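Given next are the chains, with one letter for each unit.
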Amino acid sequence: MINFDYLRVTTPKAAVDAIVTNRNAQWIAGGTNLIDLMKKGVVEPQKLVDITNLPLKEIKKTSNKFSIGAMALNSDVADNELVQKEYPLLSLALKAGASQQLRNMATVGGNMMQRTRCPYFYNIDMPCNKRQPGSGCGALKGFNRMHAIFGASDKCIAVHPSDMCVALVTLDATVVVTGPKGERRIPFQDFHRLPGELPQKDNTLERGELITAVELPDQPFKKNVHYLKIRDRSSYAFALVSVAVAIDMQNGKMNQVRLGMGGVAHKPWRLKEAENFLTGKAPSEPVFREAAKLAMRGAKGYGHNNFKLKLGPNTIVEALIKATATS
Ligand code: SF4
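In this convention, every chain numbers its residues from 1, walking through the sequence in written order. Thresholds applied to this predicted model are a pLDDT of at least 70 for local features of residues and 80 or more for the giving and counting of side-chain atom pairs; totals over whole chains, interfaces and linings are not thresholded and use all residues. Side-chain measures were taken over the full set of non-hydrogen atoms in the model, leaving aside hydrogen atoms and water.

### What to know about the overall build of the chain
Logical step 1: Starting at the N terminus, helices and strands are each numbered in turn, a helix being any DSSP run of H or I of at least four residues and a strand any DSSP run of E of at least two. What the chain contains, in helices and strands, is twelve helices and twelve strands.
Logical step 2: Against the 2.2 N^0.38 benchmark of 20 Å for 327 residues, the chain shows a C-alpha radius of gyration of 20 Å, consistent with a compact globule.
Logical step 3: Principal-axis analysis of the C-alpha atoms places the extent of the chain at approximately 60 × 50 × 35 Å.
Logical step 4: Residue contacts are counted whenever heavy atoms from the two residues lie within 4.5 Å of one another. Counted over contacts in the chain with a minimum sequence separation of 6, partners at least 24 positions apart contribute 64%.
Logical step 5: Each accessible area is a Shrake-Rupley estimate made with a 1.4 Å probe; only the visible protein chains count as cover when residues are assessed. As displayed, the chain has an accessible area near 14,500 Å², and 51% of this comes from carbon and sulfur atoms. C-alpha atoms define the radius of gyration in this analysis, and the globule rule sets the expected value at 2.2 Å times the number of residues to the power 0.38.

### Re unusual backbone geometry
Logical step 1: Backbone geometry at Y236 places phi at a positive 55°, although glycine is not the residue there.
Logical step 2: Considering the arrangement of structural elements, one finds Y236 in the loop between β9 (224–230) and β10 (241–250).

### Details of the pattern of salt bridges
Logical step 1: Any carboxyl oxygen of Asp or Glu within 4 Å of a side-chain nitrogen of Lys or Arg constitutes a salt bridge here. Summed over all chains, the structure comprises 25 salt bridges.
Logical step 2: If you follow the salt bridges from partner to partner, you end up with K61, K85, E86 and K222 in one network.

### Things to note about the sheet that holds β9
Logical step 1: Any two strands between which DSSP finds at least two bridges are classified as paired. If you walk across this open sheet you meet the four strands as β9-β10-β11-β12, and the pairing is antiparallel. The sheet is open, and its two borders are formed by β9 and β12 (269–270), each paired with just one other strand.
Logical step 2: Where strand β11 (residues 253–262) lies against β12, two bridges are found, and the strand directions are antiparallel. Looking at the pairing, G260 lines up with R270 of β12.
Logical step 3: To get an axis, a line is fitted to the C-alpha atoms, and for a helix only the part in contact is used. The angle between two axes follows their N-to-C directions and goes from 0 to 180 degrees. Across the sheet, helix α12 (residues 308–324) lies against β9, β10 and β11, angled at about 30° from β10, the strand it touches most.

### Section: the packing of aromatic side chains
Logical step 1: Pairing of aromatic rings covers Phe, Tyr and the six-membered ring of Trp, with a centre-to-centre limit of 6.5 Å; geometry is then stacked below 30 degrees between planes, edge-to-face above 60, and tilted otherwise. The full count for this structure, using the stated rule, is four aromatic pairs.
Logical step 2: A ring is considered to have a charge above it if a Lys NZ or an Arg CZ atom is located within 6 Å of its centre and within 35 degrees of its normal. The lysine or arginine in question, K281, covers the ring of F277, its NZ or CZ lying 4.1 Å from the ring centre.

### Comments concerning the domain arrangement of the chain
Logical step 1: An automatic or database domain assignment provides the domain bounds reported here. Considered domain by domain, the chain is made up of domain 1 (5–53) and domain 2 (224–324).
Logical step 2: With centres defined by C-alpha atoms, the gap from domain 1 to domain 2 works out at 36 Å.

### Considerations on the site of the ligand
Logical step 1: In this text, near means that some heavy atom of the residue lies within 4 Å of the molecule or strand in question. Near the ligand there are 15 residues, and of these C118, C128, C137, C156 and I157 occur at the shortest range.
Logical step 2: Grid points spaced at 1 Å over the protein atoms alone were grouped into cavities, where a 1.4 Å probe fits but cannot get out, and pockets, open sets with protein on both sides within 12 Å along at least five of seven lines, with lining residues defined by an atom within 4 Å of a point. Criterion for pocket placement: a molecule counts as inside a cavity or pocket if more than half of its atoms are within 2 Å of its grid points. Counting atoms within 2 Å of the grid points, the majority share of the ligand lands in the largest cavity.
Logical step 3: Throughout this entry, Asp, Glu, Lys and Arg are counted as charged residues, while Ala, Val, Leu, Ile, Met, Phe, Trp, Tyr, Cys and Pro are counted as nonpolar. The remaining residues, Gly among them, count as polar. Looking at the shell around the ligand residue by residue, the classes come out as ten nonpolar, three polar and two charged.

### A look at the sheet that holds strand β2 (residues 25–28)
Logical step 1: Reading across the sheet, the three strands line up as β1-β3-β2 and stay open at both edges, with parallel pairing between neighbours. Of all the strands in the sheet, the pair left with one neighbour each is β1 (5–8) and β2. Here the average twist between neighbouring strands, direction ignored, is 25°.
Logical step 2: Two elements, β2 and strand β3 (residues 47–50), share four bridges in a ladder whose sense is parallel. Each bridged residue has a counterpart across the sheet, and for W27 the counterpart in β3 is V49.
Logical step 3: Contacts between helix α1 (residues 12–20) and the sheet are confined to β1, β2 and β3, with β2 contributing the most and set at about 150° to the helix.

### Overview of α1
Logical step 1: With a 1.4 Å probe rolled over the protein chains alone, any residue whose accessible area is under 20% of its type maximum counts as buried; one over 50% counts as exposed, and the rest are partly exposed. Along α1, the positions that sit buried rather than exposed are A15, V16, A18 and I19. For α1, the arc enclosing every buried residue in end-on projection is 160°, short of the 170-degree limit, so these residues lie on one face.
Logical step 2: Tucked inside the fold, the buried residues of α1 contact β1, β2, β3, β6 (174–179) and β8 (210–217). Relevant arc is that of directions from the helix axis to the C-beta atoms, nothing else.

### Observations regarding empty space enclosed by the protein
Logical step 1: Grid points are joined across faces, edges and corners, and a volume is the space filled by probe spheres set on the points. This structure, assessed with the given rule, holds three cavities of 30 Å³ or more.
Logical step 2: The volume enclosed by the largest cavity comes to roughly 80 Å³.
Logical step 3: Along its surface, the largest cavity is lined by 15 residues, and C118, C128, C137, C156 and A158 are the ones closest to its centre.
Logical step 4: In this structure, the second largest cavity encloses a volume near 50 Å³.
Logical step 5: Its residues assigned to classes, the lining of the second largest cavity shows three nonpolar, four polar and three charged.

### As for the nonpolar core
Logical step 1: If you look at the biggest cluster of nonpolar residues, it comprises 52 residues, and the most contacted ones within it are I51, I68, V77, L90, M112 and L216.
Logical step 2: Considering each element in turn, this core owes the most residues, six residues, to helix α9 (residues 164–170).
Logical step 3: Once residues lying within four places of it in the same chain are set aside, the contact partners of V77 are I59, I68, A72, V83, L90, L94 and V108.
Logical step 4: Working definition of a nonpolar core: buried Ala, Val, Leu, Ile, Met, Phe, Trp, Tyr and Cys residues. They are joined through side-chain atoms within 4.5 Å. Of all hydrophobic cores here, the second largest spans 28 residues; its members include V245, V264, L271 and M296.

### Focus: a nonpolar patch on the surface
Logical step 1: Together, M1, F4 and Y6 make up a nonpolar patch on the protein surface, roughly 310 Å² of accessible area in all.
Logical step 2: With respect to the helices and strands, M1 occurs in the segment before β1.
Logical step 3: Judged by relative accessible area, M1 falls into the exposed class, the value being 54%. Patch rule: a residue counts if its relative accessible area is over 30% and it has no salt bridge; like charges are joined within 9 Å, and nonpolar side chains (Val, Leu, Ile, Met, Phe, Trp, Tyr) within 5 Å.

So, in structure tokens, the structure goes:
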């Protein structure tokens, strides 16, 4: 690990200024991913700008939206009474992530900014286009059991590791950012990006843009929700496949449906075709199986991860059964 300068800031403007004026500076919040990356020499910032004291921890409901500050801790959001009442899917997904100790340190903004856990990315002796553009992708023909089945490119087949982000994309969240050009809002589904030709870019933020909050619209998804995460052990493991379900049941039919998937793409993956198919139908396993078939259209395995082509639809069906069991 290299030596670095350390600066603590207390306003978003100071945080943005510190990054804009130094290309080798990087923000640090909970540090639950960044410190690992620094220890392994994957990133080597000359200056760390500590943003944990920014006044961005509030979780609040206003007349037409719900706002979660970017510095709110994952554990505080998961245990927040309003979140559990209004957005139970988000609470479930957060509790499925990492471990209690990590959730006590990790922030909402940091969760969104975490890097892939592709082992080639973390091993500086291996080729990796995300870490070193142009060096090749070690996973493409290597050990790719955890890797993408949707939206990959021949430059990178990594997946985004977050559980929280799967819930947020499913719930149509919006990301609020502030930067040198002022404030802007990004639909959550446009925040993370597919690898394409530029796998080194995980998201659509511009240099110096700081996440300040995540907003959620008013929604009816309070009861029929489920987050199903399939992983190698029951805690402290990343998803092989995960599925987020939120359904509004009316008179025995699925009035509104939201479906998202994790562990399958470079970004949290939304299953809109399957949502449209399910909307207006009564829940049943045959209907769920048809929806899962639609959801898996275009999926492609890379060898070690071919099992996800079967695990994916089975997880979708199981999550839908669990979500509608209380209707
Ligand atoms: Fe690097 Fe992406 Fe290939 Fe992994 S999958 S080795 S992160 S380029």
